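# Working through the structure, step by step
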Amino acid sequence: MSDTSLITNTTCLHVSNLEKSVEWYVSAFSVVVVKEVETPAYKSAFIALDGEDKGKPVSARDGVIELRYLKNAPANAKIYNGNTDPYRGFGHLCFSVSNIQEAQKHLLSQNVEFKKKLEDGRQKSIAFILDPDHYWVELIENEINKQPNEYNLSSNKMNHTMVRVKDPVKSLEFYKGTLGMKLFSKRDHPDAKFTLYFLGYEYNEGYVEGIEERTPQACRQSIIELTHNWGSENDDSEYYVFGKDESVIGFDHFSVSSKDSASFIKKLESQNVEFISNDGTSATIADPDGWKVEIHSYDYLN
């Protein structure tokens, strides 16, 4: 029987100023700090929207962002947001909001820097803002309890994290076959020659993959969005995975958690999976592009 307790748990980003980044996300989206962790190597703040998950351990939640400050980073280390050459790999975080027009007004009143406002470009239903380290944060609308002239902070969702992949066949085999996720939707953009794949865990019997509409999908948290630029599977370039060059930092990993991580890790050990670390109850594996996925239990961070 498959593990129906698996959830997509955290997205980890390196930051240059932990306090400044926490303050920014609190002001923009009304997240709370649910856990702080300090080790000899780093200091982290785990932030999340505190609705239905209030009181749960960090590792038993979805929609968590780990903001991590490296204490011993090289003096020349620079944070890259993943959207500039030659380090184009990580793409963005995404928050969904009840009323995107009102959310934009709120963020503009907070002097948040916009990469793209709603009225810019062809896509009028999405916007992009920049956090203190210039990570891109997409805004979409979920229509949860939508009211005119209101930015309802309690309806916010930490919807997804986007990374670029070279070969979608291999990536889907990993996220669906190895990790057991479902494909919520696939969106082709032939004019711009790219395809988006949205994945996560879904346990409802009879769920039909690949056709979920935008609004119900926008109500989810911790979706993984894979972006495939057509033809990348046939070229010799590599998407940059942070960690290969210690002077370049940025997105670090996703995490997946389970009530019984030991059994899930044992199952992974029987498959053709690249393990970066493994102590039997927690592990880090690599996807086909080298993106790290941590596996741990619900009580990993109480």
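The structure under discussion appears in the preceding block.
A brief look at the structure comes next. Residue positions are given per chain, counting from 1 as you read along its sequence in written order. Restriction of local features to residues with pLDDT of at least 70 applies here, the model being predicted, together with a cutoff of 80 or more for giving and counting side-chain atom pairs; totals for whole chains, interfaces and linings are based on all residues. The side-chain figures draw on all heavy atoms in the structure; neither hydrogens nor water molecules are used.

### Side note on the environment of Thr39
Convention followed: Comment: elements are numbered from the N terminus, with helices defined as DSSP H or I runs of at least four residues and strands as E runs of at least two. Note on exposure labels: buried denotes an accessible area under 20% of the residue type's maximum, exposed denotes more than 50%, and partly exposed covers the range between, all computed with a 1.4 Å probe on protein chains only.
Tracing the backbone through its elements, the reader meets Thr39 in the loop between strand 2 (32–38) and strand 3 (42–48). Among the residues examined, Thr39 registers a relative accessible area of 22% and is labelled partly exposed. Here the alpha-carbon distance between Thr39 and Lys71, two residues 32 residues apart in the chain, equals 9.1 Å.

### Side note on the environment of Ser258
With respect to the element layout, Ser258 can be found in strand 15 (residues 251–258). For the pair formed by Ser258 and Thr178, sequence separation is 80 residues and the distance between their alpha carbons is 15 Å.

### Things to note about the pairing of strand 18 (residues 292–297)
Going by this rule: Strand pairing requires that DSSP identify at least two bridges connecting the strands.
Counting buried residues in strand 18 gives 5 out of 6 residues, a clear majority hidden from the surface. As paired elements, strand 15 and strand 18 share 6 bridges and run parallel to each other. Of the residues in strand 18, the one forming a bridge with Val256 is Ile295. Relative to strand 18, strand 17 (residues 283–286) runs antiparallel, the two being bridged by 4 bridges. Bridge pairing links Ala286 to Lys292 in strand 18. Linking two consecutive strands that pair antiparallel, namely strand 17 and strand 18, is a turn of 5 residues; a positive phi of about 95° is found at Gly290 within it.

### As for the nonpolar core
Rules: As used in this record, nonpolar core signifies buried Ala, Val, Leu, Ile, Met, Phe, Trp, Tyr and Cys residues forming a set joined through side-chain atoms within 4.5 Å. Residue contacts are counted whenever heavy atoms from the two residues lie within 4.5 Å of one another.
Counting 60 residues, the largest nonpolar core has Tyr25, Phe29, Tyr175 and Leu179 as the members making the most contacts within it. No other element matches the 6 residues that helix 1 (residues 18–29) contributes to this core. Look past the residues within four positions of Leu179 in its chain and what remains in contact with it is Leu6, Phe174, Tyr201, Phe264, Ile285, Val293 and Ile295. In terms of nonpolar packing, the next biggest core, distinct from the first, is built from 6 residues, Val37, Phe46, Val58 and Val64 among them.

### A word on the sheet that holds strand 17
Note the threshold: Note on method: axes are straight lines fitted to C-alpha atoms, helices fitted across the in-contact stretch only, with angles between N-to-C directions ranging 0 to 180 degrees.
Pairing in this open sheet of 8 strands is mixed, and the strands run 2-3-4-1-15-18-17-16 from one edge to the other. With one partner strand each, in any of the chains shown, strand 2 and strand 16 (274–278) form the two edges of the open sheet. Averaged over all pairs of adjacent strands, the angle between their axes in this sheet comes to 25°, without regard to strand direction. Relative to strand 17, strand 16 is paired through 4 bridges, and the arrangement is antiparallel. Each bridged residue has a counterpart across the sheet, and for Asn278 the counterpart in strand 17 is Ala283.

### Some points on the sheet that holds strand 8 (residues 127–130)
Strand order in the open sheet formed by 8 strands is 7-8-9-6-10-13-12-11, and the pairing between neighbours is mixed. The open sheet has two edge strands, strand 7 (113–116) and strand 11 (182–189), and neither has a second partner. Each neighbouring strand pair of the sheet contributes to a mean axis angle of 30°, computed without reference to strand direction. As paired strands, strand 12 (residues 194–200) and strand 13 (residues 223–229) are joined by 6 bridges and run antiparallel to one another. Of the residues in strand 13, the one forming a bridge with Tyr197 is Leu226.

### Quick notes on the side chain of Asn83
Using the following cut-off: For the purposes of these results, a polar contact is taken to be a pair of N or O atoms within 3.5 Å, where, inside protein, one atom must be able to donate a hydrogen and its partner to accept one; residues adjacent in sequence count only when each atom of the pair is a side-chain atom.
With respect to the element layout, Asn83 can be found in the loop between strand 5 (78–79) and strand 6 (90–97). A polar contact is formed between the side chain of Asn83 and the backbone oxygen of Gly91, at a distance of 2.8 Å. Excluding residues within four positions of it along the chain, Asn83 makes contact with Arg88, Phe90, Gly91, Trp136 and Arg164.

### Quick look at the pattern of salt bridges
Our working definition: The term salt bridge refers to a pairing of a side-chain nitrogen on Lys or Arg with a carboxyl oxygen on Asp or Glu at a separation within 4 Å.
In this structure the tally under the stated criterion is 12 salt bridges. Across the salt bridge formed by Glu38 and Lys71, the nearest N and O atoms sit 2.6 Å from each other. Note that Glu38 is positioned in strand 2 and Lys71 in the loop between strand 4 (64–70) and strand 5, a separation of 33 residues in sequence. The exposed category is assigned to Glu38, whose relative accessible area is 53%. Salt-bridge contacts for Glu202 lead to Arg220; the nearest nitrogen and oxygen are separated by 2.8 Å. Highlighted residues: Glu202 in the loop between strand 12 and helix 4 (214–218) and Arg220 in the loop between helix 4 and strand 13, separated in sequence by 18 residues. Taking the relative accessible area as the measure of exposure, Glu202 reaches 11% and is therefore buried. Since its relative accessible area comes to 18%, Arg220 is described here as buried. Within the structure, one salt-bridge network assembled from shared partners comprises Glu202, Glu212 and Arg220.

### A few points about the pairing of strand 4
Counting buried positions along strand 4 yields 5 of 7 residues, so the element is predominantly enclosed. As judged from the 5 bridges shared by strand 1 (residues 7–14) and strand 4, these two strands associate in the parallel manner. Across the sheet, residue Thr11 finds its bridge partner in strand 4, namely Ile65. The pairing of strand 3 with strand 4 spans 6 bridges and is classified as antiparallel. Paired with Tyr42 across the two strands is Leu70, which belongs to strand 4.

Spatial relationships are all this shows, so hold off on functional conclusions.
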